[in-house]
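Residue-level structure breakdown
The residues making up each chain are set out below.
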Amino acid sequence: MITNNLLKLTLLCCIVFFSGALSAQVKGLIQVRAVQGDDTLSFQEGGIGLYRHDAKSDELILSQGILDFNVDLASSWSAHGVLNINQDPDVALGLTQAYIKYQPLSNSNYKWHVRVGGFYPLMSLENPDIGWTSPYNYTNSAINSWIGEELRTVGVEVTIKRPAKRFNSAHGFSVIGATFKGNDPAGTLLAWRGFALHDRQTTFNEGVRFAPIAALNESQLRWQANQVLPFEEVDGRFGYYVGMHWDYLKQSQFRIYYYDNNGDPTKLNISSGQYAWDTRFTSAAWLYKLNKKTRLIAQVLSGKTEMGYNALIDNTYYSHYLMMSHKEGKHRVSLRYDYFKVTDNDTTVFDPNGSHGEGITATWRYQLSEKLQIGVEGATLKSVVENRAAIGFKQSISQQQVMLNMQWKL
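Residue numbers here run from 1 along each chain, matching the order of that chain's written sequence. In keeping with the predicted nature of the model, local features appear solely for residues at pLDDT of at least 70, side-chain atom pairs appear and are counted solely at 80 or more, and the whole-chain, interface and lining totals rest on all residues. The basis for every side-chain value is the complete set of heavy atoms in the structure, and neither hydrogens nor water enter the calculation.

1. Considering the nonpolar core
Going by this rule: Throughout, nonpolar core names a set of buried Ala, Val, Leu, Ile, Met, Phe, Trp, Tyr and Cys residues whose side chains join them through atoms within 4.5 Å. With a 1.4 Å probe rolled over the protein chains alone, any residue whose accessible area is under 20% of its type maximum counts as buried; one over 50% counts as exposed, and the rest are partly exposed. The contact rule is simple, with two residues in contact once any of their heavy atoms fall within 4.5 Å.
Membership of the largest hydrophobic core comes to 53 residues, with the highest contact counts inside it found for W146 and W192. Dropping the residues within four chain positions of it, W192 is found in contact with F210, I213, L216, L221, Q224, W277, M307, I313, D351, N353 and N387. Membership of the second largest hydrophobic core comes to five residues, among which are L95, V154, F204 and F231.

Listed below in structure tokens is the structure:
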């Protein structure tokens, strides 16, 4: 789970914030929705469904409750935190981010800053809004659904920027490097559930459920819990990632990252039922503004994960999405296509991990006022997951959902 150092940092953020500091900047988001889901029970309830919601979600749901605060501690120091409340699968309150940022004033043409604590690596161009939400679709892509549930940096990140303006250039660049602990189980969901599509972010004190797959009854996997605690430290080793951002004339943004949690796949925490997974991947994201109203966003993620002695589990995984979004007055319409796949490369016959699927998500948002927004989203996906057969389900299923959303920004 979250490290002692991050707990101290979180406590510091809360003390500073709730002391009523005049320099505090506070943003909030409340989003409620009505959903018409299908009969396939969601993974959140221990089912095989890949959406957040199912037929049980026919009442009004608090889908997002977010408090995002930033406190200036000194001229170069600030504290940032994001508090989330969710009512599914259970009512829960927790932090998704909590960190200290140091950004010194400098006369140099280059700028730099450091983040220390718990935060998202800035891989996504889909989720730039308050609390790492998306201004486009209500349901995130398969890539960023997974990042939101299994990835978080609990460590130190350094960014060095070459701003375009300071060099009188059309090109701006940033180089990012980080080291972290506490992300050892990342890869668990990809192996035993596969990719999913949703907007549910895991807080630091939460686990994520998945269906009770048959392989966990075998002796080799008997210690694995029927959930993942994605931010637990298991093997004591540091992971790292490096990245680069390239911006061109405020028209094009490109980000590429290489991530490696450096997990020791032979390590296991029996008390929590969590293995360390050796998970690494490359992510490339691109946003291009075709004009002032229309933008194209794409992302590709490709990686590998291993767990257990002698590659008991050895999987490669891949996903991409392509989104078009158009804003006309108070209206925004977004259409996204997702493809995702996990390939099982090991010889562990009792534990098939192969899966693949694709989905289409279409969203309309209307800005009633500066703070109030309504929207409608329709989504459909088809998925094939090999381990479903052993627990009495068809390997291939199709799902659909329609949701009405109302969103208020504080």
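Read on, since the account is not over.
2. A look at the pattern of salt bridges
Should the charged atoms of two oppositely charged side chains come close, the side chains can pair. The test is simple: Should a side-chain nitrogen of Lys or Arg be within 4 Å of a carboxyl oxygen of Asp or Glu, the pair is scored as a salt bridge. Helix and strand definitions here come from DSSP, where helices need a minimum of 4 consecutive H or I residues and strands a minimum of 2 consecutive E residues; each element is numbered from the N-terminal end.
Going through the model one piece at a time under the given rule, you end up with 16 salt bridges. Here D199 makes a salt bridge to R33, at a shortest N to O gap of 2.9 Å. Of the two residues, D199 is situated in the loop between α3 (188-192) and β8 (208-209) and R33 in strand β1 (residues 24-36); the sequence distance between them amounts to 166 residues. In the salt-bridge network here, residues are joined through shared partners; they are D278, R280, K304, E306 and D314.

3. Topic: the pairing of strand β7 (residues 171-181)
So the rule is basically this: For two strands to be treated as a pair, DSSP must find at least two bridges joining them.
Only one face of β7 is buried: it carries G172, S174, I176, A178 and F180, and the other face, with H171, F173, V175, G177, T179 and K181, is open. Where strand β6 (residues 153-162) and β7 come together, nine bridges link them in antiparallel fashion. Among the inter-strand pairings, G155 is bridged to a residue of β7, identified as F180.

4. Thoughts on the environment of S145
Here is the rule: Whenever a nitrogen or oxygen atom comes within 3.5 Å of another N or O atom, the pair is scored as a polar contact, on the condition that within protein one atom can donate a hydrogen and the other can accept it, and that pairs from neighbouring residues in sequence are kept only if both atoms are in side chains.
The topology assignment puts S145 in helix α2 (residues 142-150). The spacing of S145 and Q201 is 56 residues in sequence and 7.8 Å in space, taken between C-alpha atoms. Residues within four places of S145 in sequence aside, it is in contact with N140, A196, L197 and H198. Of the polar contacts made by the side chain of S145, one reaches the backbone oxygen of S141; its length is 2.7 Å.

5. Quick notes on the confidence of the model for the protein chain
Rules: The predictor's confidence in any single residue is recorded as pLDDT, a number from 0 to 100.
Looking at the protein chain as a whole, the pLDDT averages 93, with 94% of positions reaching at least 70. When the criterion is pLDDT under 50, residues 14-22 qualifies, and its contacts beyond four places in sequence or with other chains add up to nine contacts.

6. So, the packing of aromatic side chains
Operational definition: Working definition: rings of Phe, Tyr and Trp (its six-membered ring) pair if their centres are within 6.5 Å, and the pair is stacked with planes under 30 degrees apart, edge-to-face with planes over 60 apart, and tilted otherwise. A ring is considered to have a charge above it if a Lys NZ or an Arg CZ atom is located within 6 Å of its centre and within 35 degrees of its normal.
All chains considered together, the criterion is met by 21 aromatic pairs. Where W364 meets Y366, the ring centres are 6.1 Å apart and the plane angle is 20°; that geometry is what we call stacked. Note on Y366: relative accessible area 23%, which makes it partly exposed. Put simply, the rings of W146, F180, F195, Y241, Y257, Y259, F281, Y317 and F340 touch in pairs and so form one group of aromatic residues. Its end group placed over the ring of F167, R162 keeps NZ or CZ at 4.2 Å from the ring centre. Sitting over the ring of F238, K181 keeps its end group 4.6 Å from the ring centre.

7. Observations concerning the environment of P135
Relative to the assigned elements, P135 resides in the loop between β5 (111-119) and α2. Put simply, P135 and R332 are 197 residues apart on the chain and 9.0 Å apart in space, counted from C-alpha to C-alpha. The residues contacting P135, other than those within four sequence positions of it, are E126, P128, D129, R332 and R365.

8. Side note on a nonpolar patch on the surface
Under the convention used in this document: To count toward a patch, a residue needs a relative accessible area above 30% and no salt bridge. Like charges then connect within 9 Å, nonpolar side chains (Val, Leu, Ile, Met, Phe, Trp, Tyr) within 5 Å. Calculation of accessible area relied on Shrake-Rupley with a 1.4 Å probe; when residues are assessed, cover is drawn exclusively from the protein chains displayed.
Taken together, Y110, W112, V116, V156, V158 and I160 make up a surface patch of nonpolar side chains, about 490 Å² in accessible area. Counting residues per element, the nonpolar patch draws most heavily on β6, at three residues. Residue placement: W112 occurs in strand β5.

9. Examining the pairing of strand β10 (residues 239-248)
Each regular strand displays side chains that alternate between the two surfaces of the sheet. Direction of pairing for β7 relative to β10: antiparallel, over a ladder of 10 bridges. Note on β10: the bridge partner recorded for I176 is G243. Where β10 lies against strand β11 (residues 252-260), nine bridges are found, and the strand directions are antiparallel. Looking across to β11, one finds that M244 is bridged to I256. The loop that links β10 with its antiparallel partner β11 comprises three residues; one of these, L249, has a positive phi angle of about 50°.

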